[in-house]
Each structure stands twice: as structure tokens, then as C-alpha cells.
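# Chain and residue survey
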Amino acid sequence: MADATQREIHLKSRPEGAPGPENFELATVPIPVPGDGQILVRNVWMTVDPYMRGRMMDRESYIPPFQVGQVLDGGSVGEVVESRGGPFQKGDYVCGFAGGGWREYYVSDGSMLQKIDGATIPLQAYLGAVGMPGLTAYGGLLRIGEPKEGETVLVSAASGAVGAIVCQIAKIKGCRVVGTAGSDAKCAWLRDEIGIDAAINYKTCGGLEAAIAKECPKGVDIYFENVGGEHLEAALNLMNQHGRLIMCGMISQYNSTDVPVGPTNLILVVGKSLKMQGFIVTDHLDMIVDFFNDMAAWIGAGKIKWQETVLDGIENAPRAFMNLFSGENFGKMLVRLGPDRAA
Ligand SMILES: NC(=O)c1ccc[n+]([C@@H]2O[C@H](COP(=O)([O-])OP(=O)(O)OC[C@H]3O[C@@H](n4cnc5c(N)ncnc54)[C@H](OP(=O)(O)O)[C@@H]3O)[C@@H](O)[C@H]2O)c1
């Protein structure tokens, strides 16, 4: 591999408002050379995720900002093409939550990587249903939401990487599940393929709160928040006494250059004795063994399904990322970077 080159995506400038092609740069750089105890990984899949928008801003957060002129970063699945010691051999497939994405090759000491095989679950699912978004859904819903049979669960961005898993775990737990999504095709899939009780196209329903109220005749016991703004305000109005709001994300605000909208009714948290708790997926890393075991069983039993939207080639990674904010992704948004020989 000496003198060989790879392509990677750099942050060219910080987006103001919605990210555009001008914020990204495709760079050609040498493939790094692994040292003793390190591996060289050829990426096969990479993920783009909404949280990366926050890292494009220069501000303090739970995770450091991306630097202008530097390669972006995120989760990926790849094949070990050279091993100079450590736990992984040439030909192994490995997955990491961070450290390898937005580039075709990377070097690692393997400490943050997990070996995967793609035999029963496709490799790219380790970036979605059985990866970071899946654990987000599992930890958020089960630990914060504490769903009980017969309760009503409302999920926004319900057909997405996180939302679809929340919906299905809530069904497994015996809940009535109502989801919102941004197209009729997404709503049809939620109703007909994964069997939630009602799906609302928030863009065409002509009054979000009334549409949710109609589908939740006994009120909302658990709201899994992915969107914010009008969705949160509607949910607060419809929550039952002692309801739980699982604050996972607010994607409607990530590109906002104005003061965010609402909610104007936060006071309802007091009178309704609501629990409203935010979280980061890494808060629930201690659940990872239970998560893998449960997901493997549920997937094997056909109880968990998901959608993927795939773009090919590192040059399309910025487009994939932008899709998250226009809703052009249906399910997990992925970029395929090379042949998946485990498939
Ligand atoms: N707390 C954590 O640790 C954690 C971890 C992972 C993800 N998250 C959060 O979970 C949420 C979902 O993430 P994901 O990875 O599963 O993404 P996703 O749902 O697969 O993709 C994003 C979806 O958000 C919807 N959306 C985009 N802009 C919107 C807007 N202005 N109003 C309403 N909906 C909008 C679109 O779906 P529609 O077509 O339905 O509008 C889009 O497809 C995000 O808020 C993300 O930040 C949090």
C-alpha cells in the first residue's frame, strides 16, 4: 500500500443553516501505514447521522467540534486489509462508532472496534438497527420510557433509523404505537410492514395536534422525541398524567438560524407530573449485551425490520448527509464505499 492514495471528505467551511455542497471537500491523501500493533481497514460502509450537524459548529458540546480543513469522522464498517498485531486478522470485518468514517481507509489500534461477520445480520446493520441508532432506540425507550403493556407511545421521525426501532420495540412491549413521518410512502411502510397502529404524515395532515389526538384516544403515555418544535408542543398537550418524554433529538432545529419555536406549554410538565429526560446513546453502553441479545432474537423472529437508503462512493457522502435534513432518506442513511465480500 506504500504511496497509494485514498479519498476522504474534509469540512471546507462551517454550514450556516442547511449544509450544502460548498461546506465539503473531496481530498486525495496517502493511505496511512499501520505501525506495530495496528491494523489498516478498508471501509465498506460508512454512516451519516444527524448529530454530525452539531459537530460542524464551533461550540462546546458532549463531543468535540469538527475542524475546518480536517477530515470528518463517524462510524464505519470495514475489512482489515493489513494487520500488524492486536486482536484482528487480515480479512476480519470490524465496526466502530467513530474514528473511521468519511474516508476510504483508516489505521487503528483496534481498541474501539468490534469484530462482526455479516453471517446472520448484514454488515451495514451494525451502523443502524444493531448499531448506534438501534442502541439509542433501545436504551431510550426501555430505560427512560419504561413502556408498559397497553400504554400509548408516540414516535416522531418514526420511519428513520432510530424511530423505526423504537416503534417496533414498543409494539413488542405491547403498546399502542403512533408514529409521524414526512411522506405517505413512509407512513404506509410503518402501518403495513411493521404494523404500528397509526402513522401520520405531518406535512399533509392539516393540523398535527388534532391528527395525533385522533389516533391517541386515551392520550399519550410516552413520547419519543426526535424532531422538536411543533411536535413537542403537540405531545406536551396530549401527554397523560405521569407520562414520560424521551428527549433523543430535535432535528427540526439543527439547521435553524432563528430563535427556535416553542414549546410555549412547557409548564404542563409540572401539572401532569411528567418525566422529561434527555440522553446520549453512550449513557446506555452498559445495556449493549442485552441490546445485542434482544435484537438478534427479535430480528431472527421477524419482529424487527428496517429501511435503508444507500448512496455509492465517498464523493456522495455529503449528499447522503444533506438527505437527512430534507427527509430524502427512508430509514438508515448509508454510503457504500467498496465491495462487501461478506455479503
Ligand atoms: N441522543 C442520542 O444519542 C441520539 C443518537 C442517534 C440519533 N439521535 C437523534 O435521533 C433523531 C433521528 O436520528 P436518525 O439517525 O434516526 O435519523 P433518521 O430519522 O433516519 O433521518 C432523519 C429524519 O428526520 C426527519 N426530519 C428531518 N428534518 C425534519 C424537520 N425539519 N421536521 C421533521 N422531521 C424532520 C426526516 O424524516 P421525515 O421524512 O419523517 O420528515 C429525516 O428522514 C435525530 O434527532 C437525531 O439527532 C439522538
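How each quantity is defined
- Residues numbered from 1 in each chain as written.
- Predicted model: local features only at pLDDT ≥ 70, side-chain atom pairs only at ≥ 80, totals over all residues.
- Heavy atoms only, no water.
- Domains from an automatic or database assignment.
- Contact = heavy atoms within 4.5 Å.
- Buried area = accessible area lost by both parts, 1.4 Å probe.
- Core = buried A, V, L, I, M, F, W, Y, C linked by side-chain atoms within 4.5 Å.
- Buried < 20%, exposed > 50% of the residue type's maximum accessible area, 1.4 Å probe, protein only.
- Helix = DSSP H or I, 4+ residues; strand = E, 2+ residues; numbered from the N terminus.
- Pairing = 2+ DSSP bridges.
- Axes fitted to C-alpha atoms, helices over the stretch in contact; angles between N-to-C directions.
- Parallel < 35°, antiparallel > 145°, perpendicular 65-115°, else oblique.
- Left-handed = near helix turned anticlockwise from the far one by under 90°.
- Nonpolar A, V, L, I, M, F, W, Y, C, P; charged D, E, K, R; others polar.
- Expected span 1.5 Å × (residues − 1).
- Arc of directions from axis to C-beta.

What the domain assignment reports for the chain is domain 1 (5–128 + 306–336) and domain 2 (132–286 + 292–299). Between the C-alpha centres of domain 1 and domain 2 the distance comes to 27 Å. Contact with domain 1, which involves 26 residues of that partner, is made by 18 residues of domain 2. Interface of domain 1 and domain 2: buried area, both sides summed, is about 1800 Å²; carbon and sulfur atoms make up 71% of it.

Let's shift gears to the nonpolar core. Residues Leu 141, Leu 190 and Met 295 are the most contacted members of the largest nonpolar core, which totals 52 residues. If you tally residues by element for this core, the top one is helix H2 (residues 132–145), at seven residues. A domain-level breakdown of this core finds at least three residues from each of domain 1 (5–128 + 306–336) and domain 2 (132–286 + 292–299). Leaving out residues up to four positions away in the same chain, Leu 190 has contacts with Ala 158, Ser 159, Cys 167, Ala 181, Gly 195, Ile 196 and Ala 199. Among the nonpolar cores identified, the runner-up in size contains 20 residues, and Leu 154, Ile 200, Ala 235 and Leu 238 belong to it.

The subject of this paragraph is the sheet that holds strand E12 (residues 239–247). The sheet built from six strands is open, its strands ordered E10-E9-E8-E11-E12-E13 with parallel pairing. The sheet is open, and its two borders are formed by strand E10 (198–201) and strand E13 (275–278), each paired with just one other strand. Here the strands of the sheet are splayed against their neighbours by 15 degrees on average, with no regard to which way each runs. Where helix H3 (residues 163–172) meets the sheet, its contacts fall on strand E8 (152–155), strand E9 (176–181) and strand E11 (220–225), and the angle it forms with E8 comes to roughly 175 degrees.

On to the packing of H2 against H3, then. At a minimum axis separation of 8 Å, H2 and H3 run at an interaxial angle of 45 degrees. On the basis of their axis angle, the class for H2 and H3 is oblique. Crossing handedness for the pair H2 and H3: right-handed. Across from Gly 134, Ala 137, Tyr 138, Leu 141 and Leu 142 in H2, the residues of H3 making contact are Ile 165, Val 166, Ile 169 and Ala 170. For the contact of H2 with H3, the per-class residue count stands at eight nonpolar, one polar and no charged.

Note: α-helices contain 3.6 residues per turn, so residues at a spacing of three or four share the same orientation. Look at helix H8 (residues 288–300): 18 Å from first C-alpha to last across 13 residues, which is about the 18 Å you get at 1.5 Å a residue. Among the residues of H8, Phe 291, Met 295, Trp 298 and Ile 299 are the ones counted as buried. Buried residues along H8 cover an arc of 95 degrees about the axis, so they all sit on one side. Structural note: H8 exposes Val 289 and Gly 300 on the side pointing more than 90 degrees away from its buried face. Packed against the buried residues of H8 are H2 and H3.

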